[in-house]
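Each chain is listed here by its residues.
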Amino acid sequence: MAPSAPATVDELGLQGCLYLWALLTGQEHRLPVAQTRRMTLVVMAYLLERGVIEVPWPEARWDVKPDARTTPIEGLQWRLIWTVYEPARLIDALDDYFDSLERDDFATAQRLRLWMELGSGEAERFFEQQLVKHRFCADWAQDVAFAYRESTAVLTLAQWRYCAWAAVRRGASMALQHGPQADGLRDTIYQELRRRAATVASGAWTGCSFPPYNPQPESALGRGFVHRLTRLGALYWTGWPSVEVLLGHQLDRSQRVGGP
């Protein structure tokens, strides 16, 4: 049975509106929709389940679909089927929704959950870049999601980037000593990632933080969170995801910053 599409942006909700904003903005400005291809598929699946878009899955592409769009970076086809708003006015409707959001406990909790979700994606993207740089398998990058989820303490995104960098360097050292096909290489990198995260969280080491030179998130999803849902700025990378930080850096109706 086809899903029943939401009647308004309010019914689509904060997460759905952010996901749709990212999909449309990535299309318009040639940006990755999300931090990783896997996360982009999550975004698209969410909108598919809510009857907002159509996708050719399980096929890779439609043979003939004149109004199909293709994400410019990931190369994934989709088609907007939500007819509640004129396509040309949809971004404006989403922006109006973001402007109307209250700073209540529920909205703050949603923002915090999204920050944690995006943090996992940012860590995975950086981990993947480091793995590829040292000629390891890019698929190992998904391991950071397990370490991120299982961590007993909250780290900043910049600290997770440091842990990813250090873990891959440990793997590179092992590969140099025992060869790139050494048994247990992937697990060694994963365990080092967890060890570094625990040590950094304990406060035993200082300065273990790798914020990006340009604090502007690369993905449309990250930019939507920073520019439409919060005013975190560089704190997106260097702040501990928490209600306290968000309460001091949430957008109210008069504070929306530019983007994407």
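Residues numbered from 1 in each chain as written. Predicted model: local features only at pLDDT ≥ 70, side-chain atom pairs only at ≥ 80, totals over all residues. Heavy atoms only, no water.

## Describing the environment of Gly51
So, point 1. Along the polypeptide, Gly51 turns up in the loop between α2 (37-49) and β1 (53-54).
So, point 2. Sequence separation of Gly51 and Asp99 is 48 residues, and the distance between their C-alpha atoms is 24 Å. (Helix = DSSP H or I, 4+ residues; strand = E, 2+ residues; numbered from the N terminus.)

## A closer look at unusual backbone geometry
So, point 1. For the peptide bond that leads from Trp57 to Pro58, omega is 10°, which places it in the cis range.
So, point 2. Inspection of the secondary structure assignment puts Pro58 in the loop between β1 and β2 (69-70).
So, point 3. The backbone of Arg135 sits at a positive phi, close to 65°, despite the residue not being glycine.
So, point 4. Note that Arg135 resides in the loop between α4 (105-133) and α5 (143-150).
So, point 5. Given a relative accessible area of 79%, Arg135 falls into the exposed group. (Buried < 20%, exposed > 50% of the residue type's maximum accessible area, 1.4 Å probe, protein only.)

## Re the sheet that holds strand β3 (residues 77-80)
So, point 1. The three strands are arranged β1-β3-β2 in an open sheet whose pairing can be described as antiparallel. Since the sheet does not close on itself, it has two edges, and those belong to β1 and β2, each with one partner.
So, point 2. Here β1 runs beside β3; their pairing, made up of two bridges, is antiparallel. In the sheet register, Ile53 faces β3, and the bridge partner there is Leu80.
So, point 3. Strands β1, β2 and β3 of the sheet are contacted by helix α1 (residues 9-29), whose axis makes an angle of about 115° with β3. (Pairing = 2+ DSSP bridges. Contact = heavy atoms within 4.5 Å. Axes fitted to C-alpha atoms, helices over the stretch in contact; angles between N-to-C directions.)

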